[in-house]
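Chain by chain, the residues run as shown.
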Amino acid sequence: MTVLDRMDGWATRLAAQISDGPDGYSGVAGDQQWADEIRRLLDLRGATLLAHNYQLPAIQDVADHVGDSLALSRIAAEAPEDTIIFAGVHFMAETAKILSPEKTVLIPDQRAGCSLADSITADELREWKSEFPDAVVVSYVNTTAAVKALTDICCTSSNAVEVVASIPEDREVLFCPDQFLGAHVKRETGRKNLHICAGECHVHAGINGDELAAQARSHPDAELFVHPECGCATSALYLAGEGSFPEDRVKILSTGGMLDAARESNARQVLVATEIGMLHQLRRAAPEIDFQAVNDRASCKYMKMITPAALLRCLVEEADEVHVDLETAALAQRSVQRMIEIGQPGGGE
Ligand code: 13P
Ligand code: SF4
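Model, not experiment: these values are computed from the prediction. (Residues numbered from 1 in each chain as written. Chains lettered and ligands numbered in written order. Predicted model: local features only at pLDDT ≥ 70, side-chain atom pairs only at ≥ 80, totals over all residues.)

### Examining the overall build of the chain
Then comes step 1: Looking only at helices and strands, the chain features 16 helices and 14 strands.
Then comes step 2: A globule of 349 residues ought to have a C-alpha radius of gyration of about 20 Å, and the chain, at 20 Å, matches this closely.
Then comes step 3: A total of 349 residues make up the chain; the buried ones form 50% of that total.
Then comes step 4: Counting only contacts in the chain whose residues sit at least 6 apart along the sequence, the fraction spanning at least 24 positions is 68%. (Helix = DSSP H or I, 4+ residues; strand = E, 2+ residues; numbered from the N terminus. Rg over C-alpha atoms; globule rule 2.2 N^0.38 Å. Buried ≥ 20, exposed ≤ 12 C-beta atoms within 10 Å, placed from the backbone. Contact = placed C-beta atoms within 7 Å.)

Dropping the structure here:
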């Protein structure tokens with residue numbers, strides 16, 4: 001009897017209700033019955049489900065592991081299961097495939113892209129490298145496999161500073177694609193020979209400094225957690241610098257770092273500048289704290305394409321499978337492997 005034969009009844013009837021549209025698959029509610037079925041199908045397929053901190057609450061709650069990009073990459077590299085289902089965006093699932101080429105890696109909707117990963121192509125990076133032939137290339141994990149294949153070391157927001165600090169001082173560094181994370185790394189390392197690409201994430205760039213300043217001034221006792229991809233990270237440091245917000249209450253953190261900071265915080269209120277899916281894990285980690293989004297419209301449409309319907313379809317149809325050609329995967333694996341060896345991921349492991 002095959003896995004599909006055992007998917008009788010409820011799962012197939014429910015799957016028949018799924019419809020497809022520009023925002024992804026819909027038609028299935030993420031309720032308890034759905035969650036029980038997802039867990040049953042994961043067992044039947046011998047699969048593990050990894051979910052990023054920006055996923056819908058129902059997806060996070062049914063997952064085996066929830067975490068930031070670095071934590072999930074490490075878990076994917078070590079998972080004993082033969083099948084990894086990645087509830088996140090495409091570059092994350094691709095990174096899991098690069099680390100475990102022998103495994104089946106599925107993403108519930110392969111159209112879940114990333115505006116930041118789209119901000120540099122392999123050809124553009126190749127051209128940039130030709131201007132600085134001796135430079136070390138550091139790429140954010142939010143890049144395609146082809147860009148990773150041209151990279152010396154990948155990083156995530158939780159280890160970008162450590163990755164750059166690990167490079168000998170006299171070597172020039174090309175950092176791509178996120179300009180705001182690059183500016184954060186430059187500030188933290190004080191490095192002059194760091195060249196930064198001009199890419200950005202449309203969600204984080206949209207959390208602007210004016211909004212942040214207004215919120216910070218009207219909540220003077222709150223702490224402020226800011227993701228380094230945010231355009232407003234500089235404003236947050238400026239507010240602290242000019243004394244209008246105490247410096248020790250401003251924290252520039254990866255999504256996993258925010259969870260660790262939440263567990264340690266004594267604050268009653270925290271203003272959060274990142275994608276709003278993050279609020280779910282923060283509220284679970286520290287239920288006594290009042291977490292408020294700096295911009296409650298900061299929702300990533302790509303992350304939200306991983307719907308309850310998409311996850312059910314993924315398990316029933318064993319789709320969408322992620323493929324990376326072997327030559328690209330072998331080259332990319334070196335830079336991703338270096339990434340997972342450096343620094344501590346925050347929350348999620
Ligand atoms: P981290 O989980 O590494 O903080 O990354 C956030 C992100 O932007 C993923 O899209
Ligand atoms: Fe990409 Fe931004 Fe969405 Fe993260 S939040 S997946 S960086 S578009």
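### Focus on the packing of helix H11 (residues 209-218) against helix H12 (residues 233-241)
Then comes step 1: Running from amino to carboxyl end, H11 crosses H12 at an angle of 40°, the nearest separation of the two axes being 9 Å. Accordingly, the angle class assigned to the pair H11 and H12 is oblique. Taken as a pair, H11 and H12 cross one another with a handedness that is right-handed. Listed contacts from H12 to Gly209, Leu212, Ala213 and Ala216 of H11 are Ser235, Ala236 and Leu239.
Then comes step 2: By residue class, the composition of the contact of H11 with H12 is 5 nonpolar, 2 polar and no charged. (Axes fitted to C-alpha atoms, helices over the stretch in contact; angles between N-to-C directions. Parallel < 35°, antiparallel > 145°, perpendicular 65-115°, else oblique. Left-handed = near helix turned anticlockwise from the far one by under 90°. Nonpolar A, V, L, I, M, F, W, Y, C, P; charged D, E, K, R; others polar.)

### Some points on the environment of Ala332
Then comes step 1: By the element assignment, Ala332 lies in helix H16 (residues 326-341).
Then comes step 2: Each C-alpha atom, one on Ala332 and one on Pro228, is 24 Å from the other, the two residues being 104 residues apart in sequence.
Then comes step 3: Those residues in contact with Ala332 that sit more than four places away from it in its chain are Ile98, Ala145, Lys148 and Ala149.

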